Amino acid sequence: MSKSQHPTQLSTDLIERMRVYVVEIWQAMQFYYQQKIRSWLNGRSLQSFVCLLLVATLLSIVVAACSGSSTASKSDIKLRLVSFSVTKAAHDQIIPKFVQKWKQEHNQNVTFEQSYGGSGAQANAVIAGSQEADIVHLALPLDVNKIQQAGLIKSGWEIKSPRSGIVSRSVAAIVTREGNPKKINNWQDLANDGVKLIAANPKTSGIAIWEFLAFWGSVTLTGGDDSTALNYLTKVYQNVPVLTKDAREASDLFFQKNQGDVLINYENEIILAEKNGSKLPYIVPQVNISIDNPVAVVDKNVDKHGTREVAEAFVDFLYSTEAQREFAKLGYRPVNPTVTQEVASQYPPVQTLFTSQDLGGWDNIQKKFFGNGAIFDKVQAAKKA
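Here the structure is a predicted model, which is why all the values come from computation and not from measurement.

## Some thoughts on the packing of helix α6 (residues 206–220) against helix α7 (residues 226–238)
(1) Moving on: Put simply, α6 and α7 touch, their axes get as near as 8 Å, and they point 135° apart. The angle between the axes of α6 and α7 places the two elements in the oblique class. Viewed along their axes, α6 and α7 form a crossing whose handedness is right-handed. Facing α6, whose interface residues are Ala 208, Glu 211, Phe 212, Phe 215, Trp 216, Ser 218, Val 219 and Thr 220, α7 presents Asp 226, Thr 228, Ala 229, Leu 230, Tyr 232, Leu 233, Val 236 and Tyr 237.
(2) Moving on: Looking at the contact of α6 with α7 residue by residue, the class counts come to 11 nonpolar, 3 polar and 2 charged.

What follows is the structure, given as C-alpha cells:
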C-alpha cells in the first residue's frame, strides 16, 4: 500500500471493483437465465426454473447493495459545543477545518451547534441541562470540575487529553486609554483614587476569576500576606462601577462605549480588539498568572447523543498544529510545543508567571475566594459599606 493512499479511499475503490464484478456476473446470468427459460418453456423441469429465479433475486439484491454503498455516506451528525465568550473567533476558523477533515476521512457531514457566554454561566447551563453540550471549552478548570461533580463528566477528564486538558492559554493584561492619563503601570496602580476599572463578575465570568487571582497573587507571591492582599483588593473593587457578566461585555463597554479608565482582560482578547480596529495601549504585568483554558468531552451527553467518536476527534484536533496556529493568530499563547516555538517572539515576556497551583489548587481557590461568604463576598460587602 502506498503511504499516500488513504484507507477510506482504498475501501471505496474495493467496493467499486466488487460492484463491477457483480454486475458482470449478473449480466452473464441474465443471458443464461433467458436460455433456461426458453428450455423450460420447451418442457424442462420446474425445479430448474425456480432455482434460477432464486439466484437471480439474490444477485439483484447484491447489485443494489453494492451500487448504493459506492455512493452513500453516513448520516449527518451534530456536535454541541459550549464555550466561553471570547473563543468564538478562534472556533469560527477551526471548526470548518475539522468538518472538512472529518468528511474526507469518514464520508460524514458534521454540523456544530455553538453557544458562547460567561464561563461560569455556561457551566451552570450545562449542569442544569439547558445546554446539552457534547464538548465544553471553558475559561478555567474550576468550571469543568463543577460539571464533573454534577455527574456529567467522568473523573480524570484532565488526563484524557494532552496538556492536562488545557487547550488554550493566555495571561492577564491592563488596557489604558490613549496616553495613559491615569498613569497605570502595574497592578498596584489599580487601587489609586479616581481610577475607574471595567471588570467582570467572578460569579458568572472566567476572566473575572482570573483577574481576581492575578490581583491576589501580585501581593501574596511578592512578599505580602493575606491581610495586605485583602486590603488591596477592597480598594481595587471600590474602583469598579459595575461588574459585567463576561469578558466580551467588558470589552464592548470599554472599547465600544468608551466607559472606564482601565480594562483588565485576556491578552488574546485585547489583541483581537486591535485586529478589529480598536488599538489602545496595554501592559502585560511582569508578575502574572497563567490563564489556562480547559476542554472536555461531556460523557453523559455524548453517550446520550451517540457522538463520542466525533467529539473526541474534535478535542484531539484542537491540539493539532493546524488548530493551534489558529489560536495563535488570535493572540492565544499556544500549548502545542511546535507552535509555541513558532510564535514565542510575538508575546511580551513575563518575569514571574504563577499558576492556580501556586494559590493552592482549584478546590482551595473555590473555598477560599469564591464560596458563599468567602473573600470575594467580603470584598463586595466592604464596597457597599
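Still more to cover.
## A closer look at unusual backbone geometry
(1) Moving on: If you check the backbone angles, Arg 163 has positive phi at about 55° while not being a glycine.
(2) Moving on: Residue position: Arg 163 is located in the loop between α5 (141–149) and β4 (166–170).
(3) Moving on: For Arg 163, a relative accessible area of 46% gives the class partly exposed.
(4) Moving on: Of note in the backbone geometry, Asn 258 takes a positive phi value of approximately 55° without being a glycine.
(5) Moving on: The topology assignment puts Asn 258 in the loop between α8 (247–256) and β8 (262–266).
(6) Moving on: Note on Asn 258: relative accessible area 54%, which makes it exposed.

## Comments concerning the environment of Lys 384
(1) Moving on: Secondary-structure assignment places Lys 384 in helix α15 (residues 375–384).
(2) Moving on: On the accessibility criterion, Lys 384 (74% relative accessible area) is exposed.
(3) Moving on: Along the primary structure Lys 384 and Gln 238 are separated by 146 residues, whereas in three dimensions their C-alpha atoms are 8.6 Å apart.

## Some remarks on the pattern of salt bridges
Where side chains of opposite charge bring their charged atoms close, a pairing between them can arise.
(1) Moving on: If you walk through the whole model with that rule in mind, you get 17 salt bridges.
(2) Moving on: Arg 169 is the salt-bridge partner of Asp 292, the closest N and O atoms lying 2.8 Å from each other. Residue Asp 292 is found in strand β11 (residues 291–297), and its partner Arg 169 is found in strand β4; the two are separated by 123 residues along the sequence.
(3) Moving on: Across the pair Arg 333 and Glu 267 runs a salt bridge whose closest N-O atoms are separated by 2.8 Å. Within this pair, whereas Arg 333 is found in the loop between α12 (321–329) and α13 (337–343), its partner Glu 267 is found in helix α9 (residues 267–275), the two being separated by 66 residues in sequence.
(4) Moving on: Of the residues examined, Glu 267 reaches a relative accessible area of 0% and is grouped as buried.
(5) Moving on: In this structure, a network of salt bridges that share partners links the residues Asp 299, Asp 303, Arg 308 and Glu 312.

## A short note on helix α3 (residues 88–106)
(1) Moving on: Taking 1.5 Å per residue, 19 residues should reach 27 Å; α3 reaches 26 Å between its end C-alpha atoms and fits that length.
(2) Moving on: Considering bend angle alone, the principal kink of α3 is centred on Ile 94 and spans about 25°; proline Pro 96 follows within four residues of it.
(3) Moving on: Within α3, the full set of buried residues consists of Ala 90, His 91, Ile 94, Ile 95, Phe 98 and Trp 102.
(4) Moving on: Along its buried surface, α3 packs onto β1 (77–84), β2 (110–117), β3 (135–137), α11 (308–318) and α12.
(5) Moving on: Remark: Asn 107 follows α3 within two positions and exhibits a positive phi of approximately 55°.

## Notes on the sheet that holds strand β6 (residues 197–200)
(1) Moving on: Pairing in this open sheet of 5 strands is mixed, and the strands run β7-β6-β8-β5-β9 from one edge to the other. One side of each edge strand has no neighbouring strand; the edge strands of this open sheet are β7 (243–244) and β9 (282–283).
(2) Moving on: One ladder, built from 2 bridges, connects strand β5 (residues 172–176) with β9; its direction is antiparallel. From the neighbouring strand, Val 175 faces β9, where its bridge partner is Tyr 282.
(3) Moving on: Its contacts with the sheet place α8 against β5, β6, β7 and β8, and it is angled at close to 145° to β8.

## Comments concerning the nonpolar core
(1) Moving on: Counting 78 residues, the largest nonpolar core has Leu 190, Phe 215 and Tyr 237 as the members making the most contacts within it.
(2) Moving on: Residues Val 171, Ala 250, Ile 270 and Ala 273 belong to the second largest nonpolar core, which totals 14 residues.

## So, the sheet that holds β3
(1) Moving on: Read across the open sheet, the 5 strands follow the order β2-β1-β3-β11-β4; overall the sheet is mixed. The sheet is open, and its two borders are formed by β2 and β4, each paired with just one other strand. Strand-to-strand twist of the sheet, defined as the mean angle between neighbouring strand axes without regard to direction, takes the value 15°.
(2) Moving on: The pairing of β4 with β11 spans 4 bridges and is antiparallel. For Ile 166, the partnering residue across the bridge sits in β11 and is Pro 294.

Conventions used here
Residues numbered from 1 in each chain as written. Predicted model: local features only at pLDDT ≥ 70, side-chain atom pairs only at ≥ 80, totals over all residues. Heavy atoms only, no water. Axes fitted to C-alpha atoms, helices over the stretch in contact; angles between N-to-C directions. Helix = DSSP H or I, 4+ residues; strand = E, 2+ residues; numbered from the N terminus. Parallel < 35°, antiparallel > 145°, perpendicular 65-115°, else oblique. Left-handed = near helix turned anticlockwise from the far one by under 90°. Contact = heavy atoms within 4.5 Å. Nonpolar A, V, L, I, M, F, W, Y, C, P; charged D, E, K, R; others polar. Buried < 20%, exposed > 50% of the residue type's maximum accessible area, 1.4 Å probe, protein only. Salt bridge = Lys/Arg side-chain N within 4 Å of Asp/Glu carboxyl O. Expected span 1.5 Å × (residues − 1). Bend = angle between axes of the 7 residues up to and from the residue. Pairing = 2+ DSSP bridges. Core = buried A, V, L, I, M, F, W, Y, C linked by side-chain atoms within 4.5 Å.

Take it as geometry only, folks, not as evidence of what the structure does.
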